[in-house]
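# Coordinate inspection notes
Residues per chain are reported as follows:
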Amino acid sequence: MSCRCRPIGRIVVVALMFGAILSLDSARAEPLSRLPDGEVTTSAGWSAYLVDPVARYDHGVLGDAIEAGGFAVERNGARHVLRLDTGAVFEDRRVRLADLDGDGIPEAILIKSYLDRGSAVAVYRLGPEGISPLAESVAIGQRHRWLNIAGVADFTGTGERMIAAVVTPHLAGSLRLYRRVGQTLEVVAKIDGYTNHILGSRNIDLARMEDIDGDGVSEIVLPTLDRRSLAAISFEAGTASVVAQASAPARIVALVRLSGAAAIVRTEQGGQIKIGLRPRQEFQPQPAFR
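Residues numbered from 1 in each chain as written. Predicted model: local features only at pLDDT ≥ 70, side-chain atom pairs only at ≥ 80, totals over all residues. Heavy atoms only, no water.

### Description of the side chain of S137
- Mapped onto the secondary structure, S137 falls in the loop between β11 (130-136) and β12 (147-153).
- A distance of 2.8 Å separates the side chain of S137 from the backbone nitrogen of V121, its partner in a polar contact.
- Residues contacting S137, with those up to four places away along its chain left out, are A120, V121, Y178 and L185. (Helix = DSSP H or I, 4+ residues; strand = E, 2+ residues; numbered from the N terminus. Polar contact = N/O pair within 3.5 Å; in protein donor to acceptor, adjacent residues only side chain to side chain. Contact = heavy atoms within 4.5 Å.)

Here it is as structure tokens:
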């Protein structure tokens with residue numbers, strides 16, 4: 001990025017381990033080029049957004065081959081920018097701001113895709129001096145293999161906030177729970193056969209977090225891989241289980257609203273319908289669609 005502001009206060013840090021270049025810019029610098037379909041997120045006085053549109057990764061899982069080469073955060077008039085090297089992109093639409101370690105300062109959580117080995121969950125620390133890599137999951141291991149983050153919450157009931165993501169939501173649909181251990185994100189538990197994204201769609205919110213059974217711990221509500229049912233997945237005590245489920249009359253294309261066990265979904269037939277999630281033992285799967 002070109003900048004006509006004075007270089008005073010500008011910091012450049014090369015984070016070789018995570019393949020990132022970090023820079024701190026004055027808020028008076030030239031405007032950054034934002035990702036066209038990116039979103040702005042806010043938390044605890046911080047705002048964040050994806051920047052530097054690039055076409056170096058021809059996957060197009062979100063509808064085009066334009067991804068972000070970096071992201072920016074702003075707070076108290078200061079702007080910090082992190083840019084990836086040419087071997088990776090942020091294949092995402094937003095920077096999730098969530099306090100994982102309970103220090104009152106949010107971390108930045110994104111989908112980072114390597115051009116040669118697919119996607120990983122990446123976490124960055126934010127502070128007065130800028131952005132620094134904090135932890136990252138193991139990449140899927142193959143080019144053009146993606147994951148989609150489902151949410152951040154205390155899913156186990158232990159008080160520890162963790163990250164839930166669906167690995168290859170268009171293939172195996174593996175819902176996984178990640179805990180930060182040092183500089184890595186380790187898988188705590190997983191369950192296969194679920195999805196939170198439709199290939200080529202801009203909608204990355206096909207999953208929601210909700211306390212379905214009223215025990216004070218959030219479940220993850222999302223469609224089954226064939227999108228013919230909606231399920232509530234619990235990770236309480238670190239074990240994945242289906243606690244409630246409901247069938248839909250056609251494939252689910254959007255989860256419009258969720259309140260307790262009542263969901264409003266949009267289907268391929270075009271309308272919105274209300275379906276109620278029932279405890280797993282009461283759920284009777286419907287005959288397969290032809």
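There's plenty left to go through after this.
### Comments concerning unusual backbone geometry
- For N76, which is not glycine, the phi torsion reads 55° and is therefore positive.
- Tracing the sequence through the fold places N76 in the loop between β5 (67-75) and β6 (78-84).
- With a phi angle near 60°, R227 is a residue other than glycine that sits in the positive phi range.
- Counting through the fold element by element, R227 comes out in the loop between β17 (219-223) and β18 (229-234).

### Structural notes on the packing of aromatic side chains
- Considering all chains together, one arrives at three aromatic pairs under this definition.
- Here the aromatic rings of F90 and Y124 are separated by 6.1 Å at their centres, their planes lie at 80°, and the arrangement is edge-to-face. Here Y124 lies in strand β10 (residues 118-127) and F90 lies in strand β7 (residues 88-90), a separation of 34 residues in the sequence. Across the pair, Y124 and F90 agree in class, each one buried. (Phe/Tyr/Trp six-rings, centres within 6.5 Å; stacked < 30°, edge-to-face > 60°. Buried < 20%, exposed > 50% of the residue type's maximum accessible area, 1.4 Å probe, protein only.)

### Structural notes on the confidence of the model for the chain
- Taken residue by residue, the chain gives an average pLDDT of 89. The fraction at 70 or more is 86%.
- Every residue in residues 1-16 scores below 50 in pLDDT, and together they form 28 contacts with partners more than four places removed in sequence or on other chains. (pLDDT = per-residue confidence, 0-100.)

### Topic: the environment of Q272
- Considering the arrangement of structural elements, one finds Q272 in strand β22 (residues 272-276).
- With 18 residues separating them in the primary sequence, Q272 and A254 have C-alpha atoms 9.1 Å apart.
- Those residues in contact with Q272, other than ones at most four positions away along the chain, are V256, I264, V265 and R266.

### Some points on the pairing of strand β21 (residues 262-267)
- With six bridges connecting them, strand β20 (residues 252-259) and β21 associate as antiparallel partners. The residue bridging R257 from the neighbouring strand is I264, located in β21.
- Hairpin geometry of β20 and β21 is characterised by an intervening segment of two residues between the two adjacent antiparallel strands and by a positive phi of about 60° at G260.
- The hairpin formed by β21 and β22 contains four residues between the paired strands, and G270 there has a positive phi angle of roughly 105°. (Pairing = 2+ DSSP bridges.)

### Some words on the nonpolar core
- Counting residues in each nonpolar core, the largest one holds 22 residues, and the members touching the most others are L50, F71, F90, V95, A108, L110 and Y124.
- For this core, the secondary structure elements donating two or more residues are β4 (46-54), β5, β6, β7, β9 (107-114) and β10.
- Tallying contributions element by element places β10 first for this core, with four residues.
- Leave out the neighbours within four places in its chain, and V95 touches T41, A48, Y49, L50, F71, A108, I109 and L110.
- V123, A135, I149 and Y178 belong to the second largest nonpolar core, which has 20 residues in total. (Core = buried A, V, L, I, M, F, W, Y, C linked by side-chain atoms within 4.5 Å.)

### Let's talk about the environment of E236
- One can find E236 in the loop between β18 and β19 (241-247).
- What makes E236 partly exposed here is its relative accessible area of 36%.
- Among residues more than four places away in sequence, those in contact with E236 are F155, T156, D215 and V217.

### With respect to the sheet that holds β19
- Strands sit in the order β16-β17-β18-β19-β23 across an open sheet of five strands; the sheet is antiparallel. Each edge of the sheet is formed by a strand with only one pairing partner; in this case those strands are β16 (208-210) and β23 (278-279).

### A word on the pairing of β12
- Burial analysis of β12 places seven of its seven residues in the buried class, the great majority of the element.
- Note: β12 against strand β13 (residues 162-167), six bridges, orientation antiparallel. Across the sheet, residue L147 finds its bridge partner in β13, namely V167.

### A look at the sheet that holds β22
- Across the sheet, three strands lie side by side as β20-β21-β22; this open sheet has antiparallel pairing. Taken across any chain shown, the strands that pair with only one partner, and hence form the sheet edges, are β20 and β22. This sheet shows a mean twist of 30° between the axes of neighbouring strands, independent of strand direction. (Axes fitted to C-alpha atoms, helices over the stretch in contact; angles between N-to-C directions.)

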